[in-house]
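# Examination of the molecular architecture
Chain residues, written in single-letter form:
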Amino acid sequence: MSNLQEQLIALGGVFQAAVLVDRIARTGQASEANIGCMLGSLLVREPKDTLEVFGGDDLNLRDGYRALAGALERDPSSLQREPLRYALSILGLERQLNKRADLLDTIGNRLPQIQSQAEHFGLVHENVIASSGALYQDTLSTLRQRIQVHGDMRFLQQASNASKIRALLLAGIRAARLWRQLGGHRWQLVFSRRKLLNELYDMMRNTN
């Protein structure tokens, strides 16, 4: 797998988290399989490749790939505005997090506890989601930049949905860190847009 493909998988993870956040905010619904894949990505320590972080299957990132393709196409008919806004906010928030060793230490110290919960209860158990959401709140929510999530207040005000959204944003941050560690940078999204898009469409064809 090429480095560019690895970068696109990680970026697809960012957009997958963003799509799921938007879905829960607007409808109160997201599949357990999709949420479980993203929460699982927080707990993969030494993957053999980037895809293994997301369960080893491109299908788990299909919605994220579509949203990323729409953003790179800049076609209003395929552009998912809120997921794009969340994805770009996640990338910006990760850059801020990277300067905060104290917050990175907190995340690193608390993930093993979440891993133990996941092994005991299962990845999508409310305790695991609540712990992941609380970790986001105690770390990333303290940074100057905040991610404002828009949607239906009936769903946003439910504590379980708020925890899911925070947990998914934390998973998005994990994917953003991976993307940057693989050499990804925001200028690529502007100056290498067509190259990224061609590679992404090849990957999406192989996924279907």
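Residues numbered from 1 in each chain as written. Predicted model: local features only at pLDDT ≥ 70, side-chain atom pairs only at ≥ 80, totals over all residues. Heavy atoms only, no water.

By the naming in an unreviewed UniProt entry, the protein is High frequency lysogenization protein HflD homolog, taken from Pseudomonas oryzicola. The UniProt entry for the protein carries this comment under Sequence similarities (unreviewed entry): "Belongs to the HflD family." (UniProt positions renumbered as here; feature names shortened; annotations may be inferred.)

### Description of the overall build of the protein
Looking only at helices and strands, one finds 11 helices and 0 strands in the protein. Secondary structure of the protein in N-to-C order comes out as α-α-α-α-α-α-α-α-α-α-α. Against the 2.2 N^0.38 benchmark of 17 Å for 208 residues, the protein shows a C-alpha radius of gyration of 16 Å, consistent with a compact globule. Each of the three principal axes of the protein carries a C-alpha extent, and together these read 40 × 40 × 35 Å. When the 208 residues of the protein are sorted by exposure, 50% land in the buried category. Long-range contacts, defined here as pairs at least 24 residues apart, represent 80% of the contacts in the protein between residues at least 6 apart. Carbon and sulfur atoms provide 47% of the accessible area of the protein, an area that totals close to 10100 Å². A gap of 7 Å separates the mean positions of the 26 positive and 21 negative side-chain charges of the protein. (Helix = DSSP H or I, 4+ residues; strand = E, 2+ residues; numbered from the N terminus. Rg over C-alpha atoms; globule rule 2.2 N^0.38 Å. Buried < 20%, exposed > 50% of the residue type's maximum accessible area, 1.4 Å probe, protein only. Contact = heavy atoms within 4.5 Å. Areas by Shrake-Rupley, 256 points an atom, 1.4 Å probe, with all protein chains shown as cover. Lys, Arg positive; Asp, Glu negative; His and termini not counted. Charge placed at Lys NZ, Arg CZ, Asp CG, Glu CD.)

### Describing a positive patch on the surface
A cluster of basic residues, Arg-95, Lys-99, Arg-144 and Arg-186, forms a positive patch at the surface. Judged by relative accessible area, Arg-95 falls into the partly exposed class, the value being 45%. (Patch = residues over 30% accessible without salt bridge, like charges linked within 9 Å, V, L, I, M, F, W, Y side chains within 5 Å. Salt bridge = Lys/Arg side-chain N within 4 Å of Asp/Glu carboxyl O.)

### A closer look at helix 6 (residues 101-121)
Helix length check: helix 6, at 21 residues, gives a terminal C-alpha distance of 30 Å against a target of 30 Å (1.5 Å per residue), a fit within 8%. Most pronounced at Leu-111, the bend in helix 6 amounts to some 25°, and the proline Pro-112 follows within four residues. Turning to helix 6, its buried residues are Leu-103, Ile-107, Leu-111, Ile-114, Gln-117 and Ala-118. Tucked into the core, helix 6 has its buried residues touching helix 5 (81-97) and helix 7 (126-139). One or two residues past the end of helix 6 sits Gly-122, with phi positive at roughly 110°. (Expected span 1.5 Å × (residues − 1). Bend = angle between axes of the 7 residues up to and from the residue.)

### Here we look at the nonpolar core
Counting residues in each nonpolar core, the largest one holds 66 residues, and the members touching the most others are Phe-54, Leu-140 and Leu-200. When residues in this core are grouped by element, the largest group, 14 residues, is from helix 1 (residues 3-27). Not counting the four nearest positions on each side in its chain, Leu-140 is found in contact with Leu-93, Leu-97, Gln-145, Leu-170 and Ile-173. (Core = buried A, V, L, I, M, F, W, Y, C linked by side-chain atoms within 4.5 Å.)

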